[in-house]
Amino acid sequence: MNEPILRKAQPDYRWQGVDIRAYKDEASAPFRGVTRQVLASAPDLKGELRYFEIAPGGWTTLERHQHAHAVTILRGRGRALVGHEVVEIGALDLVTVPAWAWHQFRAAADQPLGFLCMVDAERDRPQLPSPAERAELEAMPQVAEFFAGS
Ligand code: MN
């Protein structure tokens, strides 16, 4: 099936012919209030472009993997954990997630956080932290504060 040349933007960060999907196919990974739209995925592309939207107060799965992400914030405000660093993010900021860095995105309490994410088409499965790895992250004050959502 050929991709259309143009998918016109629709209101509310939607695009023509693009469905809103569940954030993840696996039910096992914890997250809150996240949707996914696949904007570009084709046999002649080595990558995929997705749009994720996190509802106010929501968060993506804390995970790591071999593949990297390049993220462009499109709407809203929030914070991201990348490795051991917590960064404030807003519209048009760029976030790089290197291989094997723990990462999580959290929307502000009062607005959604929407972002484009570029990723390899073929990629390894995300790993979730073990209880020990989670404890190691929580031992860092800035990370503990990030998880607490404050
Ligand atoms: Mn990821």
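It should be noted that the structure appears before, not after, this text.
Numbers given for residues are sequential positions, taken from 1 along each chain in its written order. With the structure being a predicted model, the display of local features is reserved for residues of pLDDT at least 70 and the display and counting of side-chain atom pairs for 80 or more, all residues being used for whole-chain, interface and lining totals. The side-chain numbers reported here are obtained from all heavy atoms of the structure, hydrogens and water having been left aside.

Q: What exactly am I supposed to notice about the layout of surface pockets here?
A: Over the atoms rolls a probe the size of a water molecule, and in doing so it shows where empty space is left. In this analysis, the protein atoms alone were mapped onto a 1 Å grid. Cavities are point sets where a 1.4 Å probe fits without being able to get out; pockets are open sets with protein on both sides within 12 Å along at least five of seven lines; lining residues have an atom within 4 Å of a point. Grid points are joined across faces, edges and corners, and a volume is the space filled by probe spheres set on the points. As a volume, the largest pocket reaches approximately 450 Å³. Helix numbers and strand numbers start at the N terminus; a helix is a DSSP run of H or I with at least 4 residues, a strand a run of E with at least 2. For the lining of the largest pocket, the element with the most residues is strand E9 (residues 103–107), which contributes 3 residues. Under this grouping Gly is polar, as are all residues other than the nonpolar Ala, Val, Leu, Ile, Met, Phe, Trp, Tyr, Cys and Pro and the charged Asp, Glu, Lys and Arg. Tallied by class, residues from the lining of the largest pocket come to 6 nonpolar, 7 polar and 9 charged.

Q: How should I be thinking about the pairing of strand E5 (residues 47–59) in this particular structure?
A: Sheet faces and side chains relate simply in a regular strand, where the side chains alternate between the two faces. For two strands to be treated as a pair, DSSP must find no fewer than two bridges joining them. By the bridge criterion, 7 bridges tie strand E4 (residues 32–40) to E5 in an arrangement that is antiparallel. Bridging across to E5, Val-38 finds its partner in Arg-50. With 8 bridges joining them, E5 and strand E10 (residues 113–120) adopt antiparallel strand pairing. Among the inter-strand pairings, Phe-52 is bridged to a residue of E10, identified as Phe-115.

Q: What is the right way to read the coordination of the manganese ion from this model?
A: Ideal values for angles at a metal depend on the geometry: 109.5 degrees with four tetrahedral donors, 90 or 180 degrees with six octahedral donors. Glu-63 (OE), His-65 (NE2), His-69 (NE2) and His-103 (NE2) make up the full set of protein donors to the manganese ion, lying at 1.9 to 2.3 Å. Only N, O and S atoms count as donors, using a 2.8 Å cut-off from the metal and 3.2 Å for Na, K and Ca, and because water is excluded some sites may appear unfinished. Within one chain, the residues donating to the manganese ion are spaced in sequence as E-x1-H-x3-H-x33-H. Take Glu-63 and His-69: they sit in the same class, and that class is buried. Each residue's exposure class comes from its accessible area (1.4 Å probe, protein chains only) as a fraction of the maximum for that residue type: buried when under 20%, exposed when over 50%, partly exposed otherwise.

Q: What is the right way to read the side chain of Arg-106 from this model?
A: Inspection of the secondary structure puts Arg-106 in strand E9. Glu-138 provides the closest opposite charge to the buried, unpaired Arg-106, separated from it by 8.0 Å. Two N or O atoms count as a polar contact when they lie within 3.5 Å, although within protein this holds only if one can serve as hydrogen donor and the other as acceptor, and sequence-adjacent residues are included solely when both atoms are side-chain atoms. Polar side-chain contacts of Arg-106 include one of 3.1 Å to the side chain of Gln-104. Within the structure, the side chain of Arg-106 is placed 3.3 Å from the backbone oxygen of Phe-147, a separation counted as a polar contact. Excluding anything up to four places from it in sequence, Arg-106 contacts Ile-54, Gly-58, Trp-59, Arg-77, Gly-78, Arg-79, Leu-113, Phe-146, Phe-147 and Gly-149. Charged residues are defined here as Lys and Arg on the positive side and Asp and Glu on the negative side; His and the ends of the chain fall outside this count. Definition used for salt bridges: Asp or Glu carboxyl oxygen within 4 Å of a side-chain nitrogen of Lys or Arg. Working rule for contacts: check all heavy atoms of both residues, and any pair within 4.5 Å makes them a contact.

Q: What is the right way to read unusual backbone geometry from this model?
A: Most peptide bonds are trans, and most residues other than glycine sit at a negative phi. We note that Asp-12 has phi near 60 degrees; this positive angle belongs to a residue other than glycine. Tracing the backbone shows Asp-12 in the loop between strand E1 (9–10) and strand E2 (14–15). On the basis of relative accessibility, which here comes to 64%, the residue Asp-12 falls in the exposed class. A positive phi is found at Tyr-13, a non-glycine position, where the angle reads about 60 degrees. Relative to the elements of secondary structure, Tyr-13 occurs in the loop between E1 and E2.

Q: Is there a simple way to explain the nonpolar core in this structure?
A: In globular proteins that are soluble, nonpolar side chains generally tend to be buried together. Membership of the largest hydrophobic core comes to 17 residues, with the highest contact counts inside it found for Ile-54, Val-71, Ile-89, Val-95, Phe-105, Leu-113 and Phe-115. Taken together, the elements giving at least two residues each to this core come down to E5, strand E6 (69–82), strand E8 (94–97), E9 and E10. If one sorts the elements of this core by residue count, E6 sits on top with 4 residues. Those residues in contact with Val-95 that sit more than four places away from it in its chain are His-69, Ala-70, Val-71, Val-82, Ile-89 and Phe-105. Residue types Ala, Val, Leu, Ile, Met, Phe, Trp, Tyr and Cys, when buried and joined through side-chain atoms within 4.5 Å, form a set referred to as a nonpolar core. Counting 8 residues, the second-largest nonpolar core is a separate cluster that includes Leu-81, Trp-102, Phe-146 and Phe-147.

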